[in-house]
Amino acid sequence: MQWRSLLLGLLLLRLGLQALLALLPALAPGLCLRRRFSFPFPPPPAALSPLDAVPGSSHWGSLLRRGGSGGTAGGDEYERRYSGAFPPQLRARLRDAARGMFVFGYDSYMQHAFPRDELDPLHCRGRGPDRHDPSNLNINDVLGNYSLTLIDALDTLAVMGNSSEFQKAVKLVIDTVSFDKDSTVQVFEATIRVLGSLLSAHIIITDTKQPFGDMTIKDYDNELLHMAHDLAVRLLPAFENTKTGIPYPRVNLKKGVPPDSNNETCTAGAGSLLVEFGILSRLLGDSTFEWVARRAVKALWSLRSNNTGLLGNVVNIQTGHWVGKQSGLGAGSDSFYEYLLKSYILFGEKEDLDMFNDAYRNIQNHLRRGREACNEGEGDPPLYVNVNMFTGQLMNTWIDSLQAFFPGLQVLIGDVEDAICLHAFYYAIWKRYGALPERYNWQLQAPDVPFYPLRPELVESTYLLYQATKNPFYLHVGMDILQSLEKYTKAKCGYATLHHVVEKTKEDRMESFFLSETCKYLYLLFDEENPLHKSGNRYMFTTEGHIVSVDERFRNSLWQDILPGEEDSAEKIKPSEFKAVNFSSNCNRVPDERRYLLPLKSNYMRQIDQMVGLI
């Protein structure tokens, strides 16, 4: 009979704990309730102990008193694996491994592919535009016959402190690259990969402080800035003869917009040009480029739904009608939201911040599903889904890998707790496959589109979350990512796209963003002493991972009277006045006592692992 009494006692204890958890929301005033969505997943496992479910209890302190090193002998497998300090020797080895990864990819490109755009890492040869098949947009949108990978990698060389190779690469670009090519490229890709990198390298060269070492170029006469100007002028025809001000998606660098050009473009492609075009305008003192980019953003913004405030993902540039009505955070939409915030950070224009705050509020109201708080309460963990822009109703049950950038964006606005949960979801998918499938179906717990082209978004968010929390958990995440890339994607001459994340088959392509972003973020994650992290050096990453300094010269313009917008468009606000809206943390920082603990409690982490079929 004793075992029956014991079971009855345990059952009553569990029911009491559940009742206590149910009361927690009522005890935490100020938290705004979010729309719930019932996932077809099991409920969160029971906590290891009552203290696990109560933030601020002695649980945190007791773990801290263990010294924060090596995990907890009495904890569960998550605490044992991730908790505690990260050995500095291991961190240094991982920093060197990340640098070695970049060097192997870069050297392979220079040896086997330069001056062509990309490296084919399986056959050790170069790749350029597909002249035989103009409809091959997967290649032709990106490759313009202008040594893309070399240009895209310039500032990574500087960040890693390789001054001699940086100087050599810059001279190669100046001496060998021309944009006078009969190449039809996507305006967005040419802007973020090529224009952005030229501007970043120019800023590094001309920086009087030279924080990364001596990156100056003898007799440098602003050649990279002139090349950026030349490229931007060749992209300008995309903004002409469009009734809405939204640009055509593609332009021929010699001939302008092709006569058979598509009138449909995606929101991100048309609305994510303002950072690079704005920097160029302010460096040149010529308003043209910022004017057309800002006009496109405002045109898209004016087309948002009156009901939900959301935007779709594909629009007709002549009629302004939405062709794609899906509103989400992934492909087709992602960097539009990113650049609303980053344009404000760089230029200080209040209207950019107002648009971002409004967009973020609508995202929270219509796209976010799951429990209110990341680290407490019951229910499914937070997740952002794809909905109809007019109704807010669910459109499908997949998310894509590009959405993994969003936790990093949430870090920039101070919504760290929500970022922790969303990042944990994508990390769980990575743990299951050793990569992120391009699309993952959260209902079927399986990839919908199984390839992985070496994308950086999860690494980017991991790096930014570590910078915000200094929690060693994110160093463990970075180590997992680094090891997976070495194990599954390393090829004879570089690193290759995974054709199938389950089967681990490879495709013969190494996209340029692997060197400009993936390797850079991994290196910076483990390089604590990098000049980028030193006090007094203020940098922002573009959507392609290029660094640009945040300084007053980009906050001053002489053409506010001719920029499109309201009369108060010249109003600026100081960074200290920046406040994002409608997120659960109310910009509270993660407490210092949690630095060596799991950022997400182990029972919630286990719940997410169950959701993706990992356990």
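Since the structure is predicted, the reported quantities are computational estimates derived from the model, not experimental observations.

A closer look at the packing of helix α17 (residues 416–433) against helix α21 (residues 602–611)
Logical step 1: α21 packs onto α17 with a crossing angle of 50° between their chain directions and a minimal axis gap of 9 Å. Taken as axis vectors, α17 and α21 run oblique relative to one another. α21 is crossed by α17, and the crossing has right-handed handedness. Contacts between α17 and α21 involve C421, A424, F425, A428 and K431 from the former and I608, D609 and M611 from the latter.
Logical step 2: By residue class, the composition of the contact of α17 with α21 is six nonpolar, no polar and two charged.

Some points on helix α19 (residues 473–488)
Logical step 1: Between its first and last C-alpha, α19 extends 23 Å over 16 residues, near the 22 Å set by a 1.5 Å rise per residue.
Logical step 2: With respect to burial, α19 is a largely interior element, twelve of its 16 residues being buried.
Logical step 3: Three or more residues of α19 are buried, namely F473, Y474, L475, H476, V477, G478, M479, D480, I481, L482, S484 and L485.

Observations regarding the UniProt feature "active site" (unreviewed entry) in the protein
Logical step 1: Cross-referencing UniProt, the feature "active site" (unreviewed entry) maps to E189, D334, E438 and E457 in the present numbering.
Logical step 2: Along the chain, E189 falls in helix α9 (residues 187–206).
Logical step 3: Apart from the residues within four sequence positions on either side, E189 is in contact with D141, V142 and V194.
Logical step 4: With respect to the helices, strands and loops of the structure, E438 is situated in the loop between α17 and β13 (439–441).

A few points about the nonpolar core
Logical step 1: Counting residues in each nonpolar core, the largest one holds 168 residues, and the members touching the most others are F166 and F425.
Logical step 2: Those residues within four positions of F166 in sequence are excluded, and the remaining contacts are L154, L157, A158, A201, I204, I205 and M215.

Some details on the sheet that holds strand β12 (residues 398–400)
In a beta sheet, neighbouring strands are held together by backbone hydrogen bonds and run either parallel or antiparallel to one another.
Logical step 1: Strand order in the open sheet formed by three strands is β12-β13-β14, with antiparallel pairing between adjacent strands. Only two strands of the sheet have a single neighbouring strand rather than two, namely β12 and β14 (446–449). Direction aside, neighbouring strands of the sheet carry axes that sit 35° apart on average.
Logical step 2: Pairing between β12 and β13: three bridges, direction antiparallel. Looking at β13, one finds that I399 is bridged to Y440.
Logical step 3: Most of the contacts of α17 go to β13, to which it runs at about 95°, and overall it touches β12, β13 and β14.

About the cut-offs
Residues numbered from 1 in each chain as written. Predicted model: local features only at pLDDT ≥ 70, side-chain atom pairs only at ≥ 80, totals over all residues. Heavy atoms only, no water. Axes fitted to C-alpha atoms, helices over the stretch in contact; angles between N-to-C directions. Helix = DSSP H or I, 4+ residues; strand = E, 2+ residues; numbered from the N terminus. Parallel < 35°, antiparallel > 145°, perpendicular 65-115°, else oblique. Left-handed = near helix turned anticlockwise from the far one by under 90°. Contact = heavy atoms within 4.5 Å. Nonpolar A, V, L, I, M, F, W, Y, C, P; charged D, E, K, R; others polar. Expected span 1.5 Å × (residues − 1). Buried < 20%, exposed > 50% of the residue type's maximum accessible area, 1.4 Å probe, protein only. UniProt positions renumbered as here; feature names shortened; annotations may be inferred. Core = buried A, V, L, I, M, F, W, Y, C linked by side-chain atoms within 4.5 Å. Pairing = 2+ DSSP bridges.

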